[in-house]
There are 2 protein chains.
Amino acid sequence: MENIYQIRSVPRMFEEVTRAIVNYIQTENLKKGVKLPPERKLSELLGVSRSSVREAIRILEMLGYLESKQGGGTFVSQPEPFLIPVQIVSQYMDKQTLKKYFEMALLNAEKIISLSIELDHAEPILQIRNTDFWEGFSEWINVLGSQLENDYYLKLWNSIFPMLAKQGFLDELNIGWTLQDLLIAFQNKNKKQLDTFLSQLIKGAASSAD
Amino acid sequence: MENIYQIRSVPRMFEEVTRAIVNYIQTENLKKGVKLPPERKLSELLGVSRSSVREAIRILEMLGYLESKQGGGTFVSQPEPFLIPVQIVSQYMDKQTLKKYFEMALLNAEKIISLSIELDHAEPILQIRNTDFWEGFSEWINVLGSQLENDYYLKLWNSIFPMLAKQGFLDELNIGWTLQDLLIAFQNKNKKQLDTFLSQLIKGAASSAD
DNA sequence: GTCGATTTGTTCGTATGTATC
DNA sequence: TGATACATACGAACAAATCGA
């Protein structure tokens, strides 16, 4: 199992700059339309070359975070883009945002589960190695999702789940049942029971994000 | 209503290069791990500077499309990333891929609808201006989604829907009912009827993508 | 294990086109 | 109209990492 957190051993300038700009916008709470310092100034402030600044701006531009106009300047566009790559996420995300990501991830997990039930893949008894609930849950979702025709549900789950785990959001959710309970309900095709379990997860997140 | 397709009048080098690289990988059908020509060679081939090539590589790297190692080279990583920004999508996407995007978008639309019913926002009678079914549907989803606490469902819808419309995927779906039917079912909180309608959309896409 | 070639990482200087006042 | 500010783009140079002989 490769560690998906470890992006690379040597951090690169443009990644640092990208994080720095995101961090700057977040801490200064800059809204859409605010003009950023010119590239030359940014490169001075951060102590890097303009090229590195430009590479960072490009990425944030493509993510809808910034917008730059020749001759005009670089402006904040959407300070809260959807699905920021993990590398860019700065150290802290507030709970409200994390909750929204969580709900989005869970929607896809639910879809994977319900599609798997309908497909009736004659699933062998599931052996989940992980003892941690969420690690095990994610492993299970990966097993189910990889058998679906549409792999985007799983891709979205996997693009959000590691971030939530990294930020510690999942640790604070208390769950009144075990992964085994969930697997049993799945094997019995007990949709009602499954719905109850999953909706409890959402509610747990709601109470946690206060 | 601003045109979200027209990003800017003058296309920029790094965008062209990004598209060119994606196109190259797709037409050559390069799989994960394949090494790309070195940056200097690419800049020669495309007739642009190395800086522009690098900016394009950065973006594709951040999207998980490429991976570059100092001293090693640049390699294809995931030739089919999830949620490619519209600007990068080259002219053609095959129907199977479009169908997966469509299902993902519809999942979020369904969530928006079901959450809106539960919230009971005392919705006024919905006036949808658009005569085209999908334009009207999207407008309706935007009205509902913008009232939700979690705006990510709507963001994902809006990040996929324009692409599907642009690629003409939605035109080929034939729908046996009107938007008015859907709105009436919504106002009556007739979940069963709504489920029937939406599942028909999925099936229509399935038969279309053969 | 060393050396040299290859390739990306990073910086700097310069020229050009565009926007703003 | 003109002047200034700014992004766009190119090319050269060197550093650092990788890889193979």
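Located above this text is the structure these notes cover.
In this text, all values refer to a predicted model and were calculated from it rather than measured experimentally.

## Describing the side chain of Glu103 of chain B
Inference 1: Position of Glu103 of chain B relative to the elements: it lies in helix α4 (residues 95–119).
Inference 2: We classify Glu103 of chain B as buried; its relative accessible area is 14%.
Inference 3: Filtering out sequence-adjacent residues up to four positions away, Glu103 of chain B remains in contact with Asn150 and Tyr153 of chain A together with Ile202 of chain B.

## Some thoughts on the environment of Ser114 of chain B
Residues and elements named next belong to chain B.
Inference 1: Structurally, Ser114 can be placed in helix α4.
Inference 2: For Ser114, a relative accessible area of 27% translates into the label partly exposed.
Inference 3: Measuring from C-alpha to C-alpha, the distance between Ser114 and Asp195 comes to 9.7 Å, with 81 residues separating the pair along the chain.

## Quick look at the pairing of strand β2 (residues 73–76) of chain A
Each regular strand carries side chains that alternate between the two faces of the sheet.
Residues and elements named next belong to chain A.
Inference 1: Where strand β1 (residues 66–69) and β2 come together, 4 bridges link them in antiparallel fashion. Within β2, the position partnered with Lys69 by the bridge is Gly73.
Inference 2: Hairpin connection from β1 to β2: 3 residues lie between these consecutive antiparallel strands, with Gly71 at a positive phi of about 85°.

## Description of the interface of chain A and chain B
Inference 1: Contacts between the two partners involve 35 residues from chain A, matched on the other side by 34 residues from chain B.
Inference 2: Summed over both partners, the interface of chain A with chain B comes to about 3400 Å²; 57% of that surface belongs to carbon and sulfur atoms.
Inference 3: Where chain A packs against chain B, one counts 9 salt bridges.
Inference 4: One salt bridge in this structure joins Lys99 of chain A and Glu149 of chain B, with 3.8 Å as the shortest N-O distance.
Inference 5: Across the contact surface, chain A and chain B share 12 residue pairs in polar contact (both at pLDDT 80 or more).

## What to know about the pattern of salt bridges
Inference 1: All chains considered together, the criterion is met by 21 salt bridges over all chains.
Inference 2: Across the salt bridge formed by Glu55 of chain A and Arg54 of chain B, the nearest N and O atoms sit 3.4 Å from each other. With Glu55 of chain A in helix α3 (residues 50–62) and Arg54 of chain B in helix α3 (residues 50–62), this residue pair bridges two chains.
Inference 3: Note that Arg58 of chain B is salt-bridged to Glu55 of chain A, the shortest N-O span being 2.6 Å. Remark: Glu55 of chain A occurs in helix α3 and Arg58 of chain B occurs in helix α3; the pair is interchain, linking two chains.

## Digging into the protein's contact with DNA strand C
Inference 1: Around DNA strand C lies a shell of 23 residues, among which Arg12, Met13 and Ser52 of chain A together with Arg40 and Arg54 of chain B are the nearest.
Inference 2: Sugar plus phosphate: this is where 57% of the atoms of DNA strand C within 4 Å of the protein reside.
Inference 3: Here Ser68 of chain B contributes a side-chain N or O atom positioned 3.5 Å from a phosphate oxygen of DNA strand C.
Inference 4: Gly71 of chain B is positioned with one of its backbone polar atoms (N or O) 3.4 Å from a base oxygen of DNA strand C.
Inference 5: Looking at the surface near DNA strand C, the elements with two or more residues in it are α3 of chain A together with α2 (39–46), α3, β1 (66–69) and β2 (73–76) of chain B.

What counts as what
Residues numbered from 1 in each chain as written. Chains lettered and ligands numbered in written order. Predicted model: local features only at pLDDT ≥ 70, side-chain atom pairs only at ≥ 80, totals over all residues. Heavy atoms only, no water. Helix = DSSP H or I, 4+ residues; strand = E, 2+ residues; numbered from the N terminus. Buried < 20%, exposed > 50% of the residue type's maximum accessible area, 1.4 Å probe, protein only. Contact = heavy atoms within 4.5 Å. Pairing = 2+ DSSP bridges. Buried area = accessible area lost by both parts, 1.4 Å probe. Salt bridge = Lys/Arg side-chain N within 4 Å of Asp/Glu carboxyl O. Polar contact = N/O pair within 3.5 Å; in protein donor to acceptor, adjacent residues only side chain to side chain. Near = heavy atom within 4 Å.

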